[in-house]
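Coordinate inspection notes
Read off the chains here:
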Amino acid sequence: MEKWLIVFKAVILGFIIIWLFDSQLRSESLLFFLLYISCNLTIYLFQKRPVIHIMSMMTIMLIIIGHLFIEQIFILLLPLNLCEWIIKWTERYFPLLLSAIAPLIFIERELQLLYGFISVISMVQIALIDQYLKKEAAWVEKEDEMRETNDRLTKSLLENAEFNKQLEYTIKLEERNRISQEIHDQIGHNMAGALIQMEAAKRLVDKDQTKAKELLQNAIHISSDGIDSIRFTLKNLKPKTEQIGVQRLKLMIDDFVVKQGVTTHFLYKGSIDLISPIQWKIIIENVKESLTNALKYSGATKIHVDIAVLNKLIKVVVKDNGSGSKKFTKGLGISGMEERAATVNGKVIIDGQDGFSVTLLLPII
Amino acid sequence: MNVLEINQLTKKFGQFIAVDGVSLAIMEGEIFGFLGANGAGKSTTINMIAGLLKISKGEIKLLGKDLKRNSKYVKKNIGLVPQDIAIYEDLTALENVKFFAGLYGLRGNELNKNAIEALDFVGLGDKQKSYPKSFSGGMKRRLNIACAIAHQPKLIIMDEPTVGIDPQSRKHILESVKKLNSNGCTIIYTSHYMEEVEAICSRIAIIDHGKVIAEGSKEQLISLITDAKDIQVEVKDAADFDLKEVNELNGVRSVQTEGNVIQIYSDAEVNNLNEIILHFMKKKVEIRSLKENAPNLETVFLTLTGRKLRD
């Protein structure tokens, strides 16, 4: 933008110089040119607004002084500088045109036409540049917004992937713990028992063969029990995801109740084993968000969290008995819930008519 | 082929989001229903499709052409029957139809012929010269429809065309919707009367709070929430009745008695009512009453949103 303005100013300046070429160039004119150029450059060099305003005003004064005392033609520089300054104060283009044209009445006749022409061009140019800048700013803002959304979504995707990995790890860990526990509780005891029986049999084998046989038979029983229980332990499936999910949600809700003191009921019905780990994650995060919202805005004393697994849908409702809200703005919280739901083709419905309710619908995969 | 494609359509009024990211594809030859409570965003969506409201975000394509860039083409191919009756009381019925069809660019003989046809179609052929002042609410509605179809659009949008009219006119309108459809028109039909939507629509979108929360045929929508139905048979005496045999009937999942009422829980998709009745007859058990609670769209709406369609 500045480039265009500088070029345009240079063109007008050049025009004035050519105009003055016939009459001889006075030293005052030269001084004016230099002052004008340096003042203008300062406008572009400094970033601070007060400096820019002061320099703009000084340039305008300089032009008026130049017009009154040196050469009348210098007034041609006025409209551009005036418009450039005024656009910083107003959004509307009409005052711009008015202020650019206003000096017309003070100028002598021969210059009026030329001045009018230049002021209109200056105004149009400044207005165009201004619009361009505004549009650019809007685009930049939009781009930023999109980039932010993009970042957020990528992050949540990564989080989901991370969660899956973690879940896998947790399940492995839990399984390892369970196996070692079982080995300790069951198989360890069995083996120790069998060992004792066999030790005793070894001692008795010479003295009392029937007793020794009996003890050995016991040891065989215990060992075969042990083998069975090893088989059973290994076959017995991993901890079920629905148990992990329900447990985590319950923990989260209990934590909320303890910390915030709002009575919260949690109910679930239907085959909750159909809810996948990633769906659990989304459910838990969204319920958390809804609870926080309820606490922040509704003044509710009671909150219900209901999960219902229907034929092909999972429905999660968080409903409070608070003030509700007929008109609410969609902030980051609600958008976040929608985005999370969208990652598994789910929907979020928000209703503020009777208390506040957030319904999450997820298709069963 | 898709007649209409809607992608992430959004409409904001200030901070209020009336339509929130709606995406739909409507195929040729469908009667597509928008089902939702009052204020759910049905009319706003429709007004955007018809080009009456500016789109805040998203896009609408009619026959593959973007609405924003081809508004003339789009308007020629859409007929809108608005929710509020839009006809001139001091023009005759025929003049009304000709006026509206004229706006879509019909002229001369074609205009006359089409206008008369449209009036015949809605059953007002003998009222050409009458003024709508003398019409009943239902007749005005029908005239309203005639105005929207005379230019023979490919897509007809009907926004609650049966609100506040007599049963006879309603029946007539529903029949004409079906007839228009069999003539090759694609139709979007909005209503908060569940029965109408169930009766005529081949596919339905349930709209709530500006969002499409579910979409599909009636059967698909119902199967979202359940695959079971409930049959209650009240008999004279259920004391000695053998439940096991009923349990073995086709589709039956479980049976129990409550007093003299036998509750049969069964697959919704299996039509086994005949079989069940036959079984009772064979056993010489006297049936006092029989009730089938099959889930319908109202149940679907209630289950998904927690509210009724009409309060």
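This section reports on the structure supplied with the text. (Residues numbered from 1 in each chain as written. Chains lettered and ligands numbered in written order. Predicted model: local features only at pLDDT ≥ 70, side-chain atom pairs only at ≥ 80, totals over all residues. Heavy atoms only, no water.)

This next bit is on a negative patch on the surface. A grouping of Glu141, Glu145, Glu148 and Asp151 of chain A is seen on the molecular surface, where their side chains present a negatively charged patch. Counting through the fold element by element, Glu148 of chain A comes out in helix α6 (residues 109–204). (Patch = residues over 30% accessible without salt bridge, like charges linked within 9 Å, V, L, I, M, F, W, Y side chains within 5 Å. Areas by Shrake-Rupley, 256 points an atom, 1.4 Å probe, with all protein chains shown as cover. Salt bridge = Lys/Arg side-chain N within 4 Å of Asp/Glu carboxyl O. Lys, Arg positive; Asp, Glu negative; His and termini not counted. Charge placed at Lys NZ, Arg CZ, Asp CG, Glu CD. Helix = DSSP H or I, 4+ residues; strand = E, 2+ residues; numbered from the N terminus.)

All names here are of chain B. Taken in spatial order, the six strands of this open sheet run β6-β7-β8-β3-β9-β10, and their pairing is mixed. Strands with a single pairing partner mark the edges of an open sheet, and in this sheet they are β6 (78–81) and β10 (211–216). Each strand axis lies, on average, 15° off the axis of its neighbour in the sheet, ignoring direction. Sitting on the sheet, helix α6 (residues 167–182) is in contact with β3 (31–35), β7 (155–159) and β8 (186–191), with an inclination near 155° to β8. (Pairing = 2+ DSSP bridges. Axes fitted to C-alpha atoms, helices over the stretch in contact; angles between N-to-C directions. Contact = heavy atoms within 4.5 Å.)

Quick look at the pattern of salt bridges now. Overall, the coordinates contain 24 salt bridges over all chains when judged by the stated rule. Residue Glu215 of chain B pairs with Arg203 of chain B through a salt bridge whose shortest N-O separation is 3.0 Å. Here Glu215 of chain B is found in strand β10, whereas its partner Arg203 of chain B is found in strand β9 (residues 203–208), with 12 residues between them in sequence. A salt bridge links Arg288 of chain B to Glu286 of chain B, with the nearest nitrogen and oxygen atoms 3.7 Å apart. Taking the relative accessible area as the measure of exposure, Glu286 of chain B reaches 42% and is therefore partly exposed. Taken together, the shared-partner salt bridges in this structure form one network comprising Lys330 and Glu338 of chain A together with Asp20 and Lys211 of chain B. (Buried < 20%, exposed > 50% of the residue type's maximum accessible area, 1.4 Å probe, protein only.)

In this section: the side chain of Glu160 of chain B. All names here are of chain B. For Glu160, the location among the structural elements is in the loop between β7 and α6. Relative accessible area serves as the criterion here: at 3%, Glu160 is assigned to the buried category. Within the structure, the side chain of Glu160 is placed 3.5 Å from the side chain of Lys42, a separation counted as a polar contact. Among all residues touching Glu160, those that are not within four sequence positions of it are Asn38, Lys42, Gln83, Arg141, Thr190, Ser191 and His192. (Polar contact = N/O pair within 3.5 Å; in protein donor to acceptor, adjacent residues only side chain to side chain.)

Our next topic: the packing of helix α3 (residues 49–70) of chain A against helix α4 (residues 78–86) of chain A. Residue and element names in this part refer to chain A. Relative orientation of the contacting elements α3 and α4 amounts to 155°, with a least axis distance of 10 Å. What the angle tells us is that α3 and α4 run roughly antiparallel. Of the two possible hands of crossing, α3 and α4 adopt the one that is left-handed. Contacts between α3 and α4 involve His53, Ser56, Met57, Thr59, Ile60 and Ile63 from the former and Leu78, Asn81, Leu82 and Trp85 from the latter. (Parallel < 35°, antiparallel > 145°, perpendicular 65-115°, else oblique. Left-handed = near helix turned anticlockwise from the far one by under 90°.)

In this structure, Pro95 of chain A sits in helix α5 (residues 94–101). Placed 12 residues apart in sequence, Pro95 of chain A and Cys83 of chain A show a C-alpha to C-alpha distance of 9.4 Å.

All right, on to a positive patch on the surface then. A surface patch of positive charge is lined by Lys142 of chain A together with Lys12, Lys54, Lys57, Lys68 and Arg69 of chain B. Within the fold, Lys142 of chain A resides in helix α6.

As a further point, take the nonpolar core. Among the nonpolar cores identified, the biggest contains 58 residues, and Val97, Tyr189 and Leu304 of chain B are the most heavily contacted of them. A per-element tally of this core places helix α5 (residues 137–149) of chain B first, with seven residues. The residues touching Tyr189 of chain B, leaving out its near neighbours within four places in the chain, are Ile31, Phe32, Gly33, Phe34, Met158, Pro161, Thr162, Leu174, Val177, Glu196, Ile200 and Cys201 of chain B. Among the nonpolar cores identified, the runner-up in size contains 39 residues, and Ile60, Ile63, Leu77 and Ala127 of chain A belong to it. (Core = buried A, V, L, I, M, F, W, Y, C linked by side-chain atoms within 4.5 Å.)

Where interface size is quoted, it is often the accessible area lost as the parts come together. Contacts between the two partners involve 16 residues from chain B, matched on the other side by 16 residues from chain A. In total, about 1,500 Å² of surface goes out of reach between chain B and chain A, with carbon and sulfur atoms giving 53% of it. In this structure, Lys211 of chain B engages Glu338 of chain A in a salt bridge whose closest nitrogen and oxygen atoms are separated by 2.4 Å. On inspection of chain B and its partner chain A, the count reaches 13 residue pairs in polar contact (both at pLDDT 80 or more). Taken together, the residues of the side of chain B that touches chain A sort by class into six nonpolar, five polar and five charged. (Buried area = accessible area lost by both parts, 1.4 Å probe. Nonpolar A, V, L, I, M, F, W, Y, C, P; charged D, E, K, R; others polar.)

With that settled, the discussion passes to the packing of aromatic side chains. Taken as a whole, this structure holds 11 aromatic pairs over all chains when the rule is applied. Centroid distance Phe33 of chain A to Phe74 of chain A: 5.5 Å. Interplanar angle 70°. Geometry classified as edge-to-face. Of this pair, Phe33 of chain A sits in helix α2 (residues 27–45) while Phe74 of chain A sits in the loop between α3 and α4; the two residues are 41 residues apart in sequence, bridging distant segments of the chain. By relative accessible area, which is 7% here, Phe33 of chain A ends up buried. Classification of Phe74 of chain A as buried rests on a relative accessible area of 0%. Between Tyr88 of chain B and Phe99 of chain B, the aromatic rings sit 5.4 Å apart at their centres with planes inclined by 85°, giving edge-to-face as the arrangement. Taken together, the positions of Tyr88 of chain B in the loop between β6 and α3 (93–103) and Phe99 of chain B in helix α3 put the pair 11 residues apart, joining distant regions of the chain. You can call Phe99 of chain B partly exposed: its relative accessible area is 34%. The rings of Phe32, Phe33, Tyr36 and Phe74 of chain A are connected pair by pair, giving a single aromatic cluster. (Phe/Tyr/Trp six-rings, centres within 6.5 Å; stacked < 30°, edge-to-face > 60°.)

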